[in-house]
Amino acid sequence: MSPKASETVRADPRRRLPAVGVVCGDAGARPLIAQFGAEALARTVREALGEARTALAAGGQVAPTVAELLSIASTRLEAGARESLFPVINATGVVIHTNLGRAPLAPEAVAAAQAAAGYGNLELDLESGRRSARHEHLDSLITGVTGAQAGLAVNNCAGAVLLALAALAEGAPVIVSRGELVEIGGGFRVPDVVAQSGSALVEVGTTNRTHLRDYQQALADHPAARIILRTHPSNFRITGFTSAPALDALAHFAHAHGLLLVEDLGGGALVDLAPYGITGEPTVQDSLKAGVDLVLFSGDKLLGGPQAGIAVGRRELVDRLGRHPLARALRLDKLSVAALAATLRLYRPPSDPTSRIPVLRMLTEPVSMVAARAAVLMAAIEATPALEATLQDTQGYAGGGAMPMQALPSRAVAIRSHRFSAETFARRLRTGATPVLGRIDQDLVLLDLRTVAEAELAVLAEAVQLAS
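Model, not experiment: these values are computed from the prediction.

Caption draft 1: Here's a closer look at the overall build of the protein chain. A count of helices and strands for the protein chain gives 20 helices and 13 strands. Each principal axis of the C-alpha atoms in the protein chain carries an extent, and together these give about 90 × 65 × 60 Å. Counting across all 468 residues of the protein chain, residues that qualify as buried make up 47%. For the protein chain, the accessible area works out to roughly 22900 Å², and carbon and sulfur atoms hold 53% of it.

See the structure below:
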């Protein structure tokens, strides 16, 4: 190597980076090793050195010292040890907020999940001492509420659809209207779920109009088809020049041709919300009465329970789902079984689910009661010097892929900060000791009280004052 080349190598700032062993062997590393372990520290230091090496190769001139590398490692290790899932106050006015965990559980469901966290008779018959099935804790509750012959719960509604198609279609073509080829949250689409079940998708009709004759033609072209899959448009609406067969007519057609009608109902309403001004959302019981063979719906939307996908219908069909290998892969854990069972019990008379289940209470609550909470919050924060607050009529929504066109009259406290922009103030609320989620409208931060419980008002007022 020439003297000039040797000088270039020595000048490379990457050669001044300390080795992993040197950093981890420094006296300043001992507290970190005691707290997080030698392996975790070495891994974090190795990552920091890799990033420093990349930065120096891109033109950086100053290599971090041992002390600086230990400081970086300490920050990252402490951040990794902190909890990342926090309770938040939902002041968005969106009742079933997917990003916030959808349905908040009733106290009875929370208590049931807590009780089930230890050992329990999840799959044990206490009378005989023999093994039982976990779905037996739910079957009679599901059938009692829906009126179906049998019911089965798995981990979510998409899983229930996948299981139903895999167990009942068994690779035979599945007929779906083009107007129902929906995409749900996270980019998952009905055609993808059908494909994963092993069946071929047969599209019928057009986006806005599908007739029984379209199903007739599809069956003529695909005589091996076993299932018509109907998907309720729970997260969108097509309006105007539209047409689709009534559900009972579609059920009659399917049965006349030896097919099964399976409906992905999505939202899972078990009570009629029309008396509360919320129209257009069919109930599970409506679908069963119309002749649907198997109805699939969510546990954590309008039902108001934990995440689950529930299948109800004829005993023979539900049993086929329960025997399929996917049923084990998609099964509910013990905490969800307990929480779902407790939620379903709140639907049994004489209980009033609209007052006992948080989602239903928020959806059906008169706006006067929402306004009363807004007035309490307003009184608690209106004297805060850095803020200007007013009461504002607003609209909330069901959210979570349910009733997309149905606005809920609501009341919010609209806040303008004298110190921060609306975006900055909203971020300060989100990142405070008690995270608060509101929404921004015309440079105001709106805290919608439809989704805030009375018990949260004092904590919410304190969070607003601390963020100001």
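Picking up after the structure, the text goes on.
Caption draft 2: Broad picture of the pairing of strand E3 (residues 174-177). Going residue by residue along E3, you find Val-174 and Val-176 tucked away on one face and Ile-175 and Ser-177 tucked away on the opposite face as well. In terms of strand pairing, E3 meets strand E4 (residues 201-204) through four bridges, oriented parallel. Across the sheet, Ser-177 pairs through a bridge with Val-204, a residue of E4. Bridge count for E3 against strand E5 (residues 227-231) is two bridges, and the pairing is parallel. Following the sheet pairing, Ile-175 is matched in E5 by Ile-228.

Caption draft 3: Representation of the pattern of salt bridges. Scanning all chains against the criterion turns up 18 salt bridges. Between Arg-226 and Glu-170 there is a salt bridge, with the nearest N and O atoms lying 2.5 Å from each other. Within this pair, whereas Arg-226 is found in the loop between helix H10 (212-221) and E5, its partner Glu-170 is found in the loop between helix H8 (157-168) and E3, the two being separated by 56 residues in sequence. With its nearest N and O atoms 3.1 Å apart, the salt bridge here joins Glu-203 to Arg-178. Of the two residues, Glu-203 sits in strand E4 while Arg-178 sits in the loop between E3 and helix H9 (190-196), which places them 25 residues apart along the sequence. Bridged by salt links that share partners, the residues Glu-123, Arg-131, Arg-134 and Arg-331 form one connected network.

Caption draft 4: Structural view of the sheet that holds strand E2 (residues 150-154). Taken in spatial order, the seven strands of this open sheet run E2-E8-E7-E6-E5-E3-E4, and their pairing is mixed. Of all the strands in the sheet, the pair left with one neighbour each is E2 and E4. Pairs of neighbouring strands in the sheet enclose a mean axial angle of 25 degrees, with direction left out of account. Strands in contact with helix H7 (residues 136-146) are E2, strand E7 (294-298) and strand E8 (309-313); relative to E2, the strand with the most contacts, it is inclined by about 120 degrees.

Caption draft 5: Expanded view of helix H20 (residues 457-467). Every buried residue of H20 is listed here: Leu-457, Leu-460, Ala-461, Ala-463, Val-464 and Ala-467. Down the axis of H20, the buried set is contained in an arc of 160 degrees. They therefore lie on one face. For H20, the exposed residues lying more than 90 degrees away from the buried face are Ala-458 and Leu-466.

Caption draft 6: Looking closely at the nonpolar core. Ranked by size, the top nonpolar core spans 57 residues in total, and within it Leu-138, Ile-228, Phe-297, Val-312, Leu-340 and Leu-344 carry the most contacts. Top element by residues in this core is helix H11 (residues 247-256). It accounts for five residues. Among the nonpolar cores identified, the runner-up in size contains 31 residues, and Ala-169, Val-190, Leu-321 and Ala-327 belong to it.

Caption draft 7: Spotlight on the packing of H7 against helix H15 (residues 334-345). Remark: H7 packs on H15, axes separated minimally by 10 Å, with the N-to-C direction vectors making an angle of 30 degrees. Our classification of the angle between H7 and H15 gives roughly parallel. For the pair H7 and H15, the crossing hand works out as left-handed. Mapping the contact onto sequence places His-137, Leu-138, Leu-141, Ile-142 and Val-145 in H7 and Val-337, Leu-340, Ala-341, Leu-344 and Arg-345 in H15. Taken together, the residues that form the contact of H7 with H15 break down as eight nonpolar, one polar and one charged.

Caption draft 8: Quick look at the packing of aromatic side chains. The tally for this structure, following the rule as stated, stands at one aromatic pair. Summarising the aromatic geometry, the rings of Tyr-215 and Phe-253 are spaced 6.3 Å apart at their centres and angled 55 degrees between planes, so their arrangement reads as tilted. In this pair, Tyr-215 sits in helix H10 while Phe-253 sits in helix H11, placing the two residues 38 residues apart along the sequence. For the pair shown, Tyr-215 and Phe-253 are each scored as buried.

Caption draft 9: Region of the structure containing the side chain of Thr-210. With respect to the helices and strands, Thr-210 occurs in the loop between E4 and H10. On the basis of relative accessible area, Thr-210 is assigned to the buried category, the value being 3%. Looking at Thr-210, its side chain comes within polar contact range of the side chain of Ser-177, at 2.7 Å. Setting aside residues no more than four positions away along its own chain, Thr-210 makes contact with Ser-177, Val-204, Gly-205, Tyr-215, Ser-243, Ala-244 and Pro-245.

Cut-offs used in this document
Residues numbered from 1 in each chain as written. Predicted model: local features only at pLDDT ≥ 70, side-chain atom pairs only at ≥ 80, totals over all residues. Heavy atoms only, no water. Helix = DSSP H or I, 4+ residues; strand = E, 2+ residues; numbered from the N terminus. Buried < 20%, exposed > 50% of the residue type's maximum accessible area, 1.4 Å probe, protein only. Areas by Shrake-Rupley, 256 points an atom, 1.4 Å probe, with all protein chains shown as cover. Pairing = 2+ DSSP bridges. Salt bridge = Lys/Arg side-chain N within 4 Å of Asp/Glu carboxyl O. Axes fitted to C-alpha atoms, helices over the stretch in contact; angles between N-to-C directions. Contact = heavy atoms within 4.5 Å. Arc of directions from axis to C-beta. Core = buried A, V, L, I, M, F, W, Y, C linked by side-chain atoms within 4.5 Å. Parallel < 35°, antiparallel > 145°, perpendicular 65-115°, else oblique. Left-handed = near helix turned anticlockwise from the far one by under 90°. Nonpolar A, V, L, I, M, F, W, Y, C, P; charged D, E, K, R; others polar. Phe/Tyr/Trp six-rings, centres within 6.5 Å; stacked < 30°, edge-to-face > 60°. Polar contact = N/O pair within 3.5 Å; in protein donor to acceptor, adjacent residues only side chain to side chain.

Interpretation in functional terms is not warranted from these geometric data alone.
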